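Listed below, chain by chain, are the residues.
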Amino acid sequence: MSHDERQRWNDRYLRAPEPREPSAFLRSLAGRLPTTGRALELAGGPGHDACWLARRGLDVTLVDISDVALERAGALAQAEGLRLQFARLDLEVDPLPAGPFDLVVCLNYLWRPLFAALPGVLAPGGLFVFAQPTRSNLQRHPHPSARFLLEDGELPALLQGLQSLSLTEGWTDEGRHEARILAQRPGNGIRPAGAPTPQ
Ligand SMILES: C[S@@+](CC[C@H](N)C(=O)[O-])C[C@H]1O[C@@H](n2cnc3c(N)ncnc32)[C@H](O)[C@@H]1O
């Protein structure tokens, strides 16, 4: 699969205009995300979200299958004077980069077996941000096609070893039907992000 998938995404990025704005969902979480430590972005494409995270102070590793996406991300980072780490990986086959990460972000990419690997790369208290369109999105948009979509209501059952801090599913301001989650790896008495300090 990987060669075809890499070629497909390379072709797509070569045709795509650039650069893109950082994810509105990610930006909406700004007050809850770490601004120091290590972040991993899975299938991050041409780097718009990875650069946003790096600009906020995180040491970011961007993973993607597409060489063109990684080249674009490198150019974007260089233009902004940011340093990113890159890994060209096929997430359906290759192991994740070694953690621990304080934040893992995965937006608009679905490979269900990845959920089982997350607790192994997240630091205790580390956060996971994920968003993906669901089947209802087909009511308004032909793409992504059904094989790339979550089933409606599926996301909570995919989460393994992580605690959900906020989960929403519905039509977004951008007009897509998405499931979105902010989750945390519990551990070592660390309070959930955003929880009130005990008196
Ligand atoms: C819909 S784009 C999303 C890009 C970015 N996360 C965003 O939200 O704009 C899907 C991304 O997944 C990458 N991808 C597809 N299959 C992959 C795989 N098997 N391993 C790693 N990345 C993959 C593509 O190259 C592409 O950048």
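Here is a short report on the structure shown in this document. Not measured: the values here are computed from a predicted model. (Residues numbered from 1 in each chain as written. Predicted model: local features only at pLDDT ≥ 70, side-chain atom pairs only at ≥ 80, totals over all residues. Heavy atoms only, no water.)

### Section: the packing of helix 3 (residues 48–55) against helix 4 (residues 67–80)
The interhelical angle for the contact between helix 3 and helix 4, taken along N-to-C directions, is 30°, at an axis separation of 9 Å. On the basis of their axis angle, the class for helix 3 and helix 4 is roughly parallel. Of the two possible hands of crossing, helix 3 and helix 4 adopt the one that is right-handed. Contacts between helix 3 and helix 4 pair His-48, Cys-51 and Arg-55 from the former with Leu-76, Ala-77 and Glu-80 from the latter. For the contact of helix 3 with helix 4, the residue count by class is three nonpolar, one polar and two charged. (Axes fitted to C-alpha atoms, helices over the stretch in contact; angles between N-to-C directions. Helix = DSSP H or I, 4+ residues; strand = E, 2+ residues; numbered from the N terminus. Parallel < 35°, antiparallel > 145°, perpendicular 65-115°, else oblique. Left-handed = near helix turned anticlockwise from the far one by under 90°. Contact = heavy atoms within 4.5 Å. Nonpolar A, V, L, I, M, F, W, Y, C, P; charged D, E, K, R; others polar.)

### Some details on the site of the ligand
In the vicinity of the ligand, 19 residues are found, and the nearest of them are Tyr-13, Ala-43, Asp-64, Leu-107 and Asn-108. For the ligand, an oxygen atom lies 2.9 Å from a polar atom in the side chain of Arg-20. With three residues, helix 1 (residues 2–15) is the single largest residue contributor to the shell around the ligand. The class makeup of the residues in the shell around the ligand is nine nonpolar, five polar and five charged. (Near = heavy atom within 4 Å. Polar contact = N/O pair within 3.5 Å; in protein donor to acceptor, adjacent residues only side chain to side chain.)

### As for the sheet that holds strand 3 (residues 85–88)
The mixed open sheet is built from seven strands, whose spatial order is 3-2-1-4-5-7-6. Sheet topology places strand 3 and strand 6 (163–171) at the edges, where each strand pairs with a single neighbour. Taken pair by pair, the neighbouring strands of this sheet meet at an average axis angle of 10°, ignoring direction. Bridge analysis of strand 1 (residues 38–42) against strand 2 (residues 59–64) gives five bridges, and the strand direction is parallel. Residue Glu-41 lies in a different strand from strand 2, and its bridge partner there is Leu-62. Packing of helix 3 onto the sheet brings it into contact with strand 1, strand 2 and strand 4 (101–107), and relative to strand 2 it is tilted by some 170°. Docked against the sheet, helix 5 (residues 114–121) engages strand 1, strand 4 and strand 5 (122–133), running at close to 155° with respect to strand 5. (Pairing = 2+ DSSP bridges.)

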